[in-house]
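# Chains, contacts and geometry: an overview
So the chains spell out like this:
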Amino acid sequence: MGIELDVKSFDDALKILSKNYKIFAPVRLKGKGAFSDTDLVTYGEISSYKDIELNEKSRYSPKEVIYPITQTLFYFTEDEYKEPEIDDKGIIVFLRPCDANSYLKLDNIFLKNGPYEDNYYKRLRDKVKFFIIECTKGFSTCFCVSTGSNKFLDYDVFVRFDNDKITCDVKNDEFSYAFSGKEVEFIPEFIEKNEIEVKLPDIDKISQNLEYVFNHELWDEYTKRCIACGRCTVSCPTCSCFSMQDIFYKDNPKCGERRRVWASCMVDGFTDVAGGHSYRQKYGERMRFKVMHKIYDYKKRFGTTMCVGCGRCDDVCPEYISFIKIVSKVTDAVDRGESK
Amino acid sequence: MTNVYMPIKAEIVSIIPQTDIDYTFRLKSDILPQHGQFLQVSIPKIGEAPISISDYTDEYIELTIRKVGTVTDAIHELKPGDFLFIRGPYGHGFPVEDFKNKNVVIAAGGTGLAPVKSIINRYNRNPKEIKKLNILVGFKSPKDILFEDEIKKWKEKFDVLLTVDNGDETWKGNTGLITKFIPDLKIENSDDTIVIVVGPPMMMKFACLEFLKRGILEENIWVSFERKMSCGIGKCGHCKINETYVCLEGPVFNYTKSKQLLD
């Protein structure tokens, strides 16, 4: 069963929810795009229906809601380490199934990899309630069906935005109080076919032919084309690498912070060790490292493909490099290599 | 919630200069690591870096730190009585229990000696734990030699071959890369010999190949990797090679695994 709302009653619901939750959704920031007179579509806090941008894919993913670009881990005064406080409110995120699935991918790294849970991630992640935006058409560079990220059933509320008619499936009873409207038949729908289909490589075949795939000439093209700007990794909802950064305050050098900031395997310095040695200096090698993580080795470690098929990396690349195309080339190479 | 990034304060009890740029810092600590594990070492407001533990007792740990970057430069400014901040130990060390009653060869290049020094000192204290120990250590030049006093002590009990890549006018010892000396190394019963190789990537690669030529079994060769790490606990991603996290599954690897770590 669903509840049908008009814009006003939906806004009323948001208002009620906002007492206990910060509410995030894709928003359009006028004039904030990379080029003059363009807008930036990204995730931000909202308070009403009109704030939500539903017609364009967001350039950045909702990962920064739970994993900020820069996150202070400690404040230092002399030798004291103090952990920053966080907001008491819960977090509601309006997001599409691919992006909701990306949170589960991040969970594997931050909560399940190694013996410890990352406390800074967990304390935000535990607050998250999923409000899924129904997505049945996707956008031109989406391939979530190929990566198996087109569905997300473990939602709190599922929302169909049909112009000014909004239908919600409130699965989590905790939120029933906020939604009042007409009860209607409602079966949430998910996209079943994207415009683009990508065949992912068989990971066992890669494992058996690892050297062949790693040394394949297909990567050489990207040594020439990629400029190692890292846009693909910044826009990726599943990229989670970070570097530690300590700073001191200029006006009081005795005080400072330890932060973590997003890092990118595509950008210089990612592998630098003491004394000047580094790994993967060629951009093609970095491309291989990134692509293989998304479609091969993460799956080997956690049993699920890392890439959620949102296509943002293809949208943002200044060199028009297509991840989709690389994946197809890898699959081809693996299939052909194996038949040799 | 436990803060996994919270370090503990450890007092520097003494500083032993090894070379102009390598100092050994002895810290008051009751951490009992595995041989070959590492710590995340930091100075607030300067930064944090992974450092392998070069030795330990139940009262102190030693870190041999080369002055090569922002954090290590600042560490070198510290004096006894100052504090370092540490968290760990992290990763997997050398499985010394499996080395008991075997011939052991340790080949270390440069600062690669630090992560294996505690093993050598373990055998120095209990020589009967193993059948025989051969030590091969190489440094760039005579002025880069680390742990000179300890190397002298080891010579009393074990076969130690010390070499430098380039000697100077006063140097009377061996010259040449470690790999040069592996073919002539006395190895009895190569099937039952454990080899530990730690050093720069190229040194490790070619030294392992030389040992394989000598009939050492792949499963008896152990190496330790150096990688950039920001967390030490499998989150930051810097040390990942394929599906392997050096901070979690390593930094010590068996050769059967390390040979598959394509980078």
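Residues numbered from 1 in each chain as written. Chains lettered and ligands numbered in written order. Predicted model: local features only at pLDDT ≥ 70, side-chain atom pairs only at ≥ 80, totals over all residues.

### Here's the deal with the overall build of chain A
For clarity, the threshold we go by: Here a helix means four or more residues in a row that DSSP labels H or I, a strand means two or more in a row labelled E, and each is numbered from the N terminus. When we talk radius of gyration, it's over C-alpha atoms, and the globule rule is simply 2.2 Å times the number of residues to the 0.38. Each residue is classified by how many other C-beta atoms fall within 10 Å of its C-beta atom, where C-beta atoms are placed from the backbone; a count of 20 or more means buried, 12 or fewer means exposed, and values in between mean partly exposed. Residues are scored as being in contact if the C-beta atoms we place from backbone atoms lie within 7 Å.
On a plain count of helices and strands, chain A comes out with twelve helices and twelve strands. Relative to the 2.2 N^0.38 estimate, which gives 20 Å for 340 residues, the radius of gyration of chain A is 22 Å and therefore close to what a compact globule would have. By its C-alpha atoms, chain A is 60 × 60 × 45 Å across when sized along the principal axes. Across the 340 residues in chain A, those meeting the buried criterion constitute 40%. Within chain A, contacts between residues separated by at least 24 positions form 72% of all contacts whose residues are at least 6 apart in sequence.

### Considering the sheet that holds strand β5 (residues 60-66) of chain B
All names here are of chain B. To keep things clear, this is the line we draw: The rule for pairing is simple: two strands pair if DSSP sees at least two bridges between them. Between the N-to-C directions of two axes lies an angle of 0 to 180 degrees, each axis being a line fitted to C-alpha atoms and, for a helix, fitted only over the stretch in contact.
Spatial strand order, β1-β2-β5-β4-β3-β6: six strands in a closed barrel with antiparallel pairing. Adjacent strand axes in the sheet meet at a mean angle of 45° when their direction is disregarded. Note: strand β3 (residues 38-43) against strand β4 (residues 47-56), six bridges, orientation antiparallel. Within β4, the position partnered with F38 by the bridge is S52. Packing of helix α2 (residues 114-125) onto the sheet brings it into contact with β4 and β5, and relative to β4 it is tilted by some 20°.

### A short note on α2 of chain B
What counts is decided by this rule: What a helix should span is 1.5 Å times the count of its residues minus one.
Between its first and last C-alpha atoms α2 of chain B spans 17 Å; for twelve residues at 1.5 Å apiece the expected length is 16 Å, and the two agree. Where α2 of chain B is concerned, the buried positions are A114, P115, V116, K117, S118, I119, I120, N121 and Y123 of chain B.

### Some words on the domain arrangement of chain B
Residues and elements named next belong to chain B. Condition: An automatic or database domain assignment is the source of the domain bounds shown.
Domain annotation for chain B reports domain 1 (8-90) and domain 2 (96-258). Counting residues at the interface gives 17 residues for domain 1 and 20 residues for domain 2. Going through the elements one at a time, β3, β4, β5 and β6 (83-90) are the ones with two or more residues in the side of domain 1 that touches domain 2. Sort the elements by how many residues they give to the side of domain 1 that touches domain 2 and β4 lands first, with six residues.

### What about the interface of chain B and chain A?
Put simply, the test is: Residue classes follow a fixed rule: Ala, Val, Leu, Ile, Met, Phe, Trp, Tyr, Cys and Pro count as nonpolar, while Asp, Glu, Lys and Arg count as charged, and any other residue, Gly among them, counts as polar.
Counting residues at the interface gives 33 residues for chain B, matched by 37 residues for chain A. When its residues are assigned to classes, the side of chain B that touches chain A shows twelve nonpolar, eleven polar and ten charged.

### So, the nonpolar core
What counts is decided by this rule: A set of buried Ala, Val, Leu, Ile, Met, Phe, Trp, Tyr and Cys residues, joined to one another through C-beta atoms within 7 Å, is what we call a nonpolar core.
Within the largest apolar cluster, 110 residues are counted, with the highest numbers of intra-cluster contacts made by I106, V197 and V223 of chain B. Take this core: its biggest share by element is seven residues, from helix α10 (residues 283-302) of chain A.

### Thoughts on the domain arrangement of chain A
All names here are of chain A. As assigned here, chain A comprises domain 1 (2-59 + 86-184) and domain 2 (203-339). Distance from the C-alpha centre of domain 1 to the C-alpha centre of domain 2: 27 Å. Across the contact, 20 residues belong to domain 1 and 17 residues belong to domain 2. In terms of residue count, helix α3 (residues 97-112) provides more of the side of domain 1 that touches domain 2 than any other element does, nine residues in total. When the residues that make up the side of domain 1 that touches domain 2 are grouped by side-chain class, the tally is eight nonpolar, eight polar and four charged.

### As for unusual backbone geometry
Of note, the amide linkage connecting G88 of chain B to P89 of chain B takes the cis form, showing an omega dihedral of 5°. Considering the arrangement of structural elements, one finds P89 of chain B in strand β6. A cis amide bond links G250 of chain B to the next residue, P251 of chain B, at an omega of 0°. With respect to the element layout, P251 of chain B can be found in the loop between α6 (246-249) and β15 (252-254). The residue A228 of chain A is not glycine, and still its phi comes out positive at about 55°. Summarising the element assignment, A228 of chain A is placed in the loop between α8 (220-225) and α9 (231-235). We note that N101 of chain B has phi near 60°; this positive angle belongs to a residue other than glycine. On the secondary structure map, N101 of chain B appears in the loop between β6 and β7 (103-109).

### Section: the pairing of strand β9 (residues 165-170) of chain A
Residue and element names in this part refer to chain A. Bridge analysis of strand β1 (residues 2-5) against β9 gives three bridges, and the strand direction is antiparallel. Within β9, the position partnered with E4 by the bridge is T167. As judged from the six bridges shared by strand β8 (residues 157-162) and β9, these two strands associate in the antiparallel manner. Of the residues in β9, the one forming a bridge with V157 is V170. Between β8 and β9, which pair antiparallel in sequence order, lie two residues; one of them, N163, sits at a positive phi of approximately 50°.

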